[in-house]
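Chain residues, written in single-letter form:
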Amino acid sequence: MFRRILSYIFPLSLHQRTSTVSGTLSVTLLNGKKLLNSPNTDYSYGRLQQVLRFGLEQIGFSAIKKQKKILILGIAAGSVVETLVKEIAFDGEIHGVEIDPEVIAIGKQFFDLDKVKNLQLFIQDAQEYVKNTSERYDSIIVDIFQDDQMPDFLFTPPFFSQLKTLLSPKGSILFNTITRTKTEKQRNQDFVQYFSKLYHIKRYPKVEEENELLILM
């Protein structure tokens, strides 16, 4: 309790470990809430949770609550799971894919990720999971970062073309991106231009300043 009170005055470090995938991972207590950070950005909870919450709000909480199965690519410590389960009261299946086992270990130790009854975890590369799964999903959340960088494969035709085959007829994809530079903004523009042939795309720029959310349907 005392540490929780202190965290409203200054952030408190709770845990730190090194990951070969994500670099140094830090769990911090700030304003009474635990956050997971990589060297240059929020990895789970904090600002990131608000970004994805905004995206889910645009899809519609009531619509999401009625769905049966959701896929999260890049689950990290599970902040979006908390939004789905605690705020939206989603009780369908959640499949979470994460390439970094250290992040999953932190999620279980500090964020109760292993206590979510309707969550199934896959420690796997998202590309491999998408290629090999036979599941179909009502919503897919794509939130894949290595520290503050987005892997190039996310913006190539094969990946999102394959995602389309996993999506139910009325399903949607929530894609979280970073657009800090002219190059990143042009990358998103090129992506939208290409995939507008396959999806109806809604764009939400400058969410929490640096993020652009894309909803593909």
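Anything mentioned here points back to the structure above.
Residues numbered from 1 in each chain as written. Predicted model: local features only at pLDDT ≥ 70, side-chain atom pairs only at ≥ 80, totals over all residues. Heavy atoms only, no water.

### Section: helix H5 (residues 101–111)
- Within H5, the full set of buried residues consists of Val103, Ile104, Ile106, Gly107, Phe110 and Phe111. Considered in projection along H5, the buried side chains sweep an arc of 160° and stay on one side of the axis.
- By the N-cap criterion, in which a side-chain oxygen at the helix start approaches the backbone nitrogen of a residue two or three places on, H5 is capped by Asp100, the distance to Glu102 being 3.0 Å.
- Where H5 ends, the next residue or the one after it, Asp112, has phi of about 55°, a positive value. (Buried < 20%, exposed > 50% of the residue type's maximum accessible area, 1.4 Å probe, protein only. Helix = DSSP H or I, 4+ residues; strand = E, 2+ residues; numbered from the N terminus. Arc of directions from axis to C-beta. Polar contact = N/O pair within 3.5 Å; in protein donor to acceptor, adjacent residues only side chain to side chain.)

### Focus on the sheet that holds strand E8 (residues 137–142)
- An order of E7-E6-E5-E8-E9-E11-E10 is seen for the seven strands of this open sheet, with the pairing classed as mixed. Each edge of the open sheet is held by one strand with a lone partner, namely strand E7 (119–123) and strand E10 (201–207). Within this sheet the neighbouring strands show an average axis-to-axis angle of 15°, counted without direction.
- With five bridges connecting them, E10 and strand E11 (residues 211–216) associate as antiparallel partners. The residue bridging Arg203 from the neighbouring strand is Leu214, located in E11.
- Packed on one face of the sheet, H5 meets strand E6 (93–98) and E7 and runs near 150° to E7.
- Of the strands in this sheet, strand E5 (69–73), E8, strand E9 (167–178) and E11 are in contact with helix H7 (residues 157–166), which crosses E9 at around 145°. (Pairing = 2+ DSSP bridges. Axes fitted to C-alpha atoms, helices over the stretch in contact; angles between N-to-C directions. Contact = heavy atoms within 4.5 Å.)

### A word on the nonpolar core
- Counting residues in hydrophobic clusters, the biggest one holds 30 residues, and the most contacted among them are Leu73, Ile140, Val142, Phe160, Leu163 and Phe175.
- Those elements that place two or more of their residues in this core are E5, helix H6 (126–132), E8, H7, E9, helix H8 (182–195) and E11.
- Filtering out sequence-adjacent residues up to four positions away, Phe175 remains in contact with Val142, Met150, Leu154, Phe155, Phe160, Phe191, Glu212, Leu213, Leu214 and Leu216.
- Val81, Phe90, Val116 and Leu119 belong to the second-largest nonpolar core, a separate cluster that totals 24 residues. (Core = buried A, V, L, I, M, F, W, Y, C linked by side-chain atoms within 4.5 Å.)

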